[in-house]
Amino acid sequence: MNTYMTTPSKLQRMTTIGILSAISILLYYIKFPVPFFPPFLTLDVSDIPALVGAITLGPVAGILIQLLKNIVDYISHGSYVGLPVGQVANFLSGSLMVGLIGTFYHFRKKIHISSYILSVLLFITSMYLLNYYFILPSIMNLMGISEAQYVEGFTQFNPMATDFTTAVLFVILPFNLIKVAMVYSIGLPFSLRLQRSIQPERKNLAA
């Protein structure tokens, strides 16, 4: 038995990553607002192809799909603040989301409820810190607006967001929780089912 054939070849991996990246790019432009959240916070399902890649090919593949999606988006549409802060934020968010659960899956060969909970907690914590110290301050600086002006956009939709800290805590954090819950609840069952279906094919090729 040639055990090395139980894993996809380099060409197969590249082809699959390319296809999943193309699907992710297309899905990225289908966005929908979330009730009771500012209109600039929208959801999309473009992280699901990257999750499929992270489960079937490994977490690095999922992160690469996120990278390609955001590079293409910046080249095609630029950024409303000039520099690709939005694309960087989306890349960091998506990479954490699919990379964490993909790593747990490939380490344990299955996803326990503890893996799911820990992935969500690590994702939420990381995104809180990134938004508080890097992403939102960068956006404010590039847009040339004060912290108070920026917070007003959050307060209109959530009276609990009275300052920058509470805006991140009561608006950004819940939004990210909704996002990761949506992607995992839709993407994980599909990804795991797909992984189970292709494993016998790989074993047959190795026989």
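Refer to the structure printed above.
Please read these numbers as outputs of a predicted model, since none were measured by experiment. (Residues numbered from 1 in each chain as written. Predicted model: local features only at pLDDT ≥ 70, side-chain atom pairs only at ≥ 80, totals over all residues. Heavy atoms only, no water.)

1. Looking at the overall build of the protein
Condition: Each helix corresponds to a stretch of at least 4 residues labelled H or I by DSSP, and each strand to a stretch of at least 2 residues labelled E; elements are numbered beginning at the N terminus. As a reference, a globule follows 2.2 Å times the number of residues to the power 0.38, and the radius of gyration itself is taken over C-alpha atoms. Residue exposure (1.4 Å probe, protein chains only): buried if accessible area is under 20% of the type maximum, exposed if over 50%, otherwise partly exposed. Counted charges follow a simple rule, with Lys and Arg positive, Asp and Glu negative, and His plus the chain ends left uncounted. One atom stands in for each charge, and that atom is NZ of Lys, CZ of Arg, CG of Asp or CD of Glu.
For the protein, the count of helices and strands is seven helices and two strands. Ordered by position from N to C terminus, the α and β elements of the protein give α-β-β-α-α-α-α-α-α. Taken over C-alpha atoms, the radius of gyration comes to 19 Å for the protein, in line with the 17 Å a tight globule of 207 residues would show. Along the first, second and third principal axes, the C-alpha set of the protein runs to 65 × 35 × 25 Å. In the protein, which comprises 207 residues, the proportion classed as buried is 43%. Distance between charge centres in the protein, computed from 12 positive and 7 negative side chains, equals 22 Å.

2. Regarding the nonpolar core
Where we set the bar: To define a nonpolar core, start from buried Ala, Val, Leu, Ile, Met, Phe, Trp, Tyr and Cys residues and group those joined through side-chain atoms within 4.5 Å. Should any heavy atoms of two residues lie within 4.5 Å, those residues are considered in contact.
Judged by nonpolar contacts, the single largest core of 47 residues is most densely connected at Leu 51, Phe 123, Leu 136, Phe 154, Val 183 and Tyr 184. Those elements giving two or more residues to this core turn out to be helix H1 (10-28), helix H2 (47-56), helix H3 (59-77), helix H4 (85-108), helix H5 (113-143), helix H6 (147-155) and helix H7 (164-206). The biggest single contributor to this core is H7, with twelve residues. Other than its neighbours up to four places away in sequence, Leu 51 contacts Val 98, Ile 101, Val 183, Tyr 184, Gly 187, Leu 188 and Ser 191.

3. A few points about the packing of aromatic side chains
Both the distance between ring centres and the angle between the ring planes are used here to describe each pair of aromatic rings. For clarity, the threshold we go by: Two rings belonging to Phe, Tyr or Trp (six-membered ring only in the last case) form a pair when the distance between their centres is within 6.5 Å. Interplanar angles under 30 degrees mark stacking, angles over 60 mark edge-to-face geometry, and anything in between is tilted. Two conditions define a charge located above a ring, namely a distance within 6 Å from the ring centre to NZ of Lys or CZ of Arg, and an angle within 35 degrees of the ring normal.
Taken as a whole and assessed by the stated rule, the structure comprises eight aromatic pairs. Arranged with centres 5.4 Å apart and planes meeting at 70 degrees, the rings of Tyr 150 and Phe 154 form a pair that is edge-to-face. In this pair, Tyr 150 and Phe 154 are both assigned in helix H6, four residues apart and thus about one turn of the helix distant. Take Tyr 150 and Phe 154: they sit in the same class, and that class is buried. By the ring-pair criterion, three or more aromatic residues cluster together here, those being Tyr 128, Tyr 132, Tyr 133 and Phe 164. Sitting over the face of the ring of Tyr 28, Lys 31 holds its NZ or CZ atom 3.6 Å from the ring centroid.

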